[in-house]
Amino acid sequence: MRSPFAYVPRSGPLQSASPGAAVAYLGALVAVAFLYSSPLVLAAAGVAAALAGRTAGARRAVRAALRMGLSLAMLIVVVNALVVNRGETVLVRLGDLPLLGRVDITAEALAAGAVIGLRAAVAMVGFAVYSACVDPDRVLRALRPIAGRSALTAALISRLVPVAAADAARLRDASRLRGPAAAPLGRAALVRRLTAGSLDRAVDVAATLELRGYSIPARPRRSLARLSPPWGADTLNRSRYDRRFYATGAVVAIAAVAGGADTLNRSRYDRRFYATGAVVAIAAVAGKLLGADGFHAYPTVALGLEPATVVLSLLLVLSGLAPRRRSSTRNRNA
Amino acid sequence: MRRSRSLAVASALLCAALATAGCGLGAGDGVGEVSLTVTRDFGTEHLAAPAAEAVSESDTVMRVLDRNVAIESSYGGAFVQSIDGLRGDRHDGRPYDWFFYVNGLWSPVGAADYPLRGGDRIWWDYRDWSASTRVSALVGAWPQPFADGYEGDRHPTAVECLGESAACARVEGRLRDAGATLTAPGTEGAIRVLVGPWGRLRKDATAAALEDGPEASGIYAEFVRIGGAYRLQGLDEGGEPAREFGPDAGLVAATRRYGAPPVWIVSGSSAAGVRAAAGLLDAEHLRDHFALATEAAEETPLPIPEGVGR
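Residues numbered from 1 in each chain as written. Chains lettered and ligands numbered in written order. Predicted model: local features only at pLDDT ≥ 70, side-chain atom pairs only at ≥ 80, totals over all residues. Heavy atoms only, no water.

## Here's the deal with the overall build of chain A
Inference 1: A tally of regular secondary structure across chain A gives 12 helices and four strands.
Inference 2: Relative to its full complement of 334 residues, chain A shows a buried share of 34%.
Inference 3: Taking contacts inside chain A between residues at least 6 apart in sequence as the whole, the part at least 24 apart equals 72%.
Inference 4: Accessible area for chain A stands at about 20,600 Å²; split by element, carbon and sulfur atoms hold 65% of it. (Helix = DSSP H or I, 4+ residues; strand = E, 2+ residues; numbered from the N terminus. Buried < 20%, exposed > 50% of the residue type's maximum accessible area, 1.4 Å probe, protein only. Contact = heavy atoms within 4.5 Å. Areas by Shrake-Rupley, 256 points an atom, 1.4 Å probe, with all protein chains shown as cover.)

## Here we look at the packing of aromatic side chains
Inference 1: Following the criterion strictly, the structure yields 14 aromatic pairs over all chains and no others.
Inference 2: On the numbers, 5.1 Å between centres and 70° between planes, the contact of Phe42 of chain B with Tyr220 of chain B is edge-to-face. Within this pair, whereas Phe42 of chain B is found in the loop between strand E2 (30-40) and strand E3 (45-56), its partner Tyr220 of chain B is found in the loop between helix H6 (214-217) and strand E14 (221-226), the two being separated by 178 residues in sequence.
Inference 3: Tyr220 of chain B sits in the buried class, given a relative accessible area of 2%.
Inference 4: Note on Trp123 of chain B and Phe290 of chain B: the rings are 5.4 Å apart at their centroids and 75° apart in plane angle, and the pair reads as edge-to-face. On the criterion of sequence distance, the pair formed by Trp123 of chain B in strand E10 (residues 121-128) and Phe290 of chain B in the loop between helix H8 (283-286) and strand E19 (291-295) is long-range, its members being 167 residues apart. The two residues Trp123 of chain B and Phe290 of chain B agree in class, both being buried.
Inference 5: Across the ring face of Tyr36 of chain A, the terminal group of Lys288 of chain A is positioned such that the distance to the ring centre comes to 5.2 Å.
Inference 6: We note Arg127 of chain B situated over the ring of Phe99 of chain B; from NZ or CZ to the ring centre the distance is 4.1 Å. (Phe/Tyr/Trp six-rings, centres within 6.5 Å; stacked < 30°, edge-to-face > 60°. Lys NZ or Arg CZ within 6 Å of the ring centre and 35° of its normal.)

## Considerations on the side chain of Ser74 of chain B
Residues and elements named next belong to chain B.
Inference 1: On the secondary structure map, Ser74 appears in strand E4 (residues 71-74).
Inference 2: For Ser74, a relative accessible area of 18% corresponds to the buried category.
Inference 3: Among residues more than four places away in sequence, those in contact with Ser74 are Phe79 and Gln81.

## Some thoughts on a nonpolar patch on the surface
Inference 1: On the surface, Leu72, Leu75, Val79, Val83, Leu99 and Leu100 of chain A cluster together into a nonpolar patch covering about 600 Å² of accessible area.
Inference 2: Along the chain, the position of Leu72 of chain A falls in helix H4 (residues 59-83). (Patch = residues over 30% accessible without salt bridge, like charges linked within 9 Å, V, L, I, M, F, W, Y side chains within 5 Å. Salt bridge = Lys/Arg side-chain N within 4 Å of Asp/Glu carboxyl O.)

## Quick word on the nonpolar core
In summary, soluble globular proteins display a tendency toward joint burial of nonpolar side chains.
Inference 1: If you look at the biggest cluster of nonpolar residues, it comprises 48 residues, and the most contacted ones within it are Leu14, Tyr25, Val32, Phe273 and Leu316 of chain A.
Inference 2: Among the secondary structure elements, those contributing two or more residues to this core are helix H2 (19-35), helix H3 (39-55), H4, helix H5 (107-133), helix H10 (270-289) and helix H11 (307-319) of chain A.
Inference 3: Looking at which element gives the most residues to this core, the answer is H5 of chain A, with nine residues.
Inference 4: Of all hydrophobic cores here, the second largest spans 27 residues; its members include Val139, Val159, Trp264 and Ala277 of chain B. (Core = buried A, V, L, I, M, F, W, Y, C linked by side-chain atoms within 4.5 Å.)

## Examining the sheet that holds strand E17 (residues 250-255) of chain B
All names here are of chain B.
Inference 1: Here seven strands make up an open sheet; going across it, the order is E12-E11-E13-E18-E17-E19-E20 and the pairing mixed. The open sheet terminates on both sides in strands that have one partner only, identified here as strand E12 (182-183) and strand E20 (298-302).
Inference 2: Across the sheet, helix H3 (residues 165-178) touches strand E11 (157-161), E12, strand E13 (191-197) and strand E18 (263-268), and the angle it forms with E11 is around 170°.
Inference 3: Across the face of the sheet, helix H7 (residues 271-278) comes into contact with E13, E17, E18 and E19 while running at roughly 135° to E18. (Pairing = 2+ DSSP bridges. Axes fitted to C-alpha atoms, helices over the stretch in contact; angles between N-to-C directions.)

## Description of the interface of chain A and chain B
Inference 1: Taken together, the contact between chain A and chain B spans 18 residues of the former and 24 residues of the latter.
Inference 2: Counting the surface lost from both chain A and chain B, the interface buries some 1,700 Å², and carbon and sulfur atoms represent 46% of this.
Inference 3: Sorting the residues of chain A by area buried against chain B places Arg86, Glu88 and Arg93 of chain A first, and these three jointly supply 41% of that buried surface.
Inference 4: Here chain A is connected to chain B by three salt bridges. (Buried area = accessible area lost by both parts, 1.4 Å probe.)

## As for the environment of Asp104 of chain A
Inference 1: By secondary structure assignment, the location of Asp104 of chain A is in strand E2 (residues 101-106).
Inference 2: Taking relative accessible area as the criterion, Asp104 of chain A reaches 3% and is therefore assigned buried.
Inference 3: Spatially, the C-alpha atoms of Asp104 of chain A and Val83 of chain A are 8.8 Å apart, while their sequence positions differ by 21 residues.
Inference 4: Residues in contact with Asp104 of chain A, not counting those within four places in the same chain, are Ala81, Val84, Asn85, Val90, Val92 and Arg93 of chain A together with Ser58 and Arg63 of chain B.
Inference 5: Side chain to side chain, Asp104 of chain A and Arg102 of chain A meet in a polar contact 3.2 Å long. (Polar contact = N/O pair within 3.5 Å; in protein donor to acceptor, adjacent residues only side chain to side chain.)

## Points about the confidence of the model for chain A
Inference 1: Confidence in the prediction of chain A, expressed as mean pLDDT, is 84, and 83% of residues score 70 or more.
Inference 2: Counting interchain partners and residues more than four positions distant, the pLDDT-below-50 stretch residues 329-334 of chain A has one contact. (pLDDT = per-residue confidence, 0-100.)

## Notes on the sheet that holds strand E16 (residues 241-244) of chain B
Residues and elements named next belong to chain B.
Inference 1: Judged by pairing direction, the sheet is antiparallel, and its three strands sit side by side in the order E14-E15-E16 without closing on themselves. This sheet does not close on itself; its edge strands, each paired only once, are E14 and E16. Strand-to-strand twist in this sheet, taken as the mean axis angle between neighbours without regard to direction, amounts to 40°.
Inference 2: Pairing analysis gives three bridges linking strand E15 (residues 229-235) to E16, with the strands arranged antiparallel.

## So, the pattern of salt bridges
Residues and elements named next belong to chain B.
Inference 1: Inspection of every chain in the model, using the stated rule, returns 23 salt bridges over all chains.
Inference 2: Between Asp128 and Arg94 there is a salt bridge, with the nearest N and O atoms lying 3.2 Å from each other. One end of the pair, Asp128, is in strand E10; the other, Arg94, is in strand E8 (residues 94-102), and 34 residues separate them in sequence.
Inference 3: A relative accessible area of 25% means that Arg94 is categorised as partly exposed.
Inference 4: Two residues, Arg202 and Glu211, come together in a salt bridge whose shortest N-O distance is 2.7 Å.
Inference 5: The class for Arg202 is partly exposed, based on a relative accessible area of 32%.
Inference 6: Judged by its relative accessible area of 27%, Glu211 is partly exposed.

Quick look at the structure:
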């Protein structure tokens, strides 16, 4: 059975968008979760991520991420309540416990734990949607010009791990088919067999890569000494304008990597996701400056519901509809 | 059936263990009354009216502070960032921050982790810490720490008389009246009270830190040798000499090295100075002062505010 987080090719906008656009959009939602502590904003970011996943057809991924995220959140709440004694409102006194010392369960520690847990859950949903909706091959292809070897390694892992998982399933099936009287297959034996199989396959892959010329060193470039590098060698010829041009070049390069590395794979949905991601990021930063993050757990819980908080939360929820497919002109005319 | 019985037994044992450990719902039983003082600039100005309130067994310094004044905290509620809007900052290039003392001693743990007992005296002060990052003990909580101890335990008091027996007798009397349990010098864990002229007190390793300045001793005063005799010198908040006292000046101050019991210094440049210092040991004179100097029946709180001394 496939993992709920595995990528499923679909024709939706999020799946069709270039990886840069999808990362910009989902990354903005996850960034909000790390930037804010207000439960309202965090919940809105979570709703947006879940809505994006559902709209993009990744319901299983969203469900599984919510289940895992909320379990993790519960664990964080319990651990935070046990290890943090701070806060004004003592609910339960557990006295002096070994290793933990004096333990007072406070309402503030529970609230602080819930916020951290909620943040973790939102991040998990965001990554689950990314995993289920963004084609890993396209991500690796986009990364190839920047880090070719890393992209190759990641590509091999992304191929070989599912193969190893399929091997494990086949071995288990084979073991069951021996009948009920047969001795059960232990985990150690299964891992041993899988490791041996993986090593065999790795040797085969290495040999194939070698045959395809991956081991041949790259053609030597012109001697660096003959070039005039932008740093070090031409110290005497530096100009006061150098920094300005280096900085501009760096910004352009970063923008090119983020937005245009996969120029050939651009989609008509890219603009929508880049725009939504940018709006979310700008609104989040503006909201932070306008005091939209009015939440303090200690010494007493204070939750500020400023207009900026409400507006930002609504905007976040709406941003979850970005992957929605527009009804076509033909349908509208029909 | 057997499983449910085991579960019931385990639950009963867990409840018994928790009950033994002192668990319960809510803030818990009352443990008495504590007092809270909030000042700035080494106790010279009160920022809130001194408060006294009943506390429960789960109360901490932070909880009492939060109930009485408006605070902002940081680092997950562990650090007090501001009290009544006054936050740690730099003023005229000097660092200012909030420091708290319980029973006259700088706390080794944070306010959120300091449990309280009845009788504890909490004192928050907003001060310049450029000259001394650590003022480890002060005298303004009298009769604490002699009456109720410190850091959760009561401690006996040992008066070490290094001259001026009349002053020593007076100090012992004041301590007894304050509720201290007197013990012989050298008793382990006892709060030490050194009484005598500075020429003899300076041989004590802890008292000698006074000559190394406020950074070492936390006391904004020094004895300097002038013409074969020691003269008391008051320092300002920046640790600079601000006033030179006469030959009969006395000093009451407290210091502490690491985790050792606190050491009180009742001293003076001369025998008359020691006697004058011994006469200051009461709440009326010491209340809300870090240290106190006296000369010709005039008391001078230490440190001396800048521009006042000369």
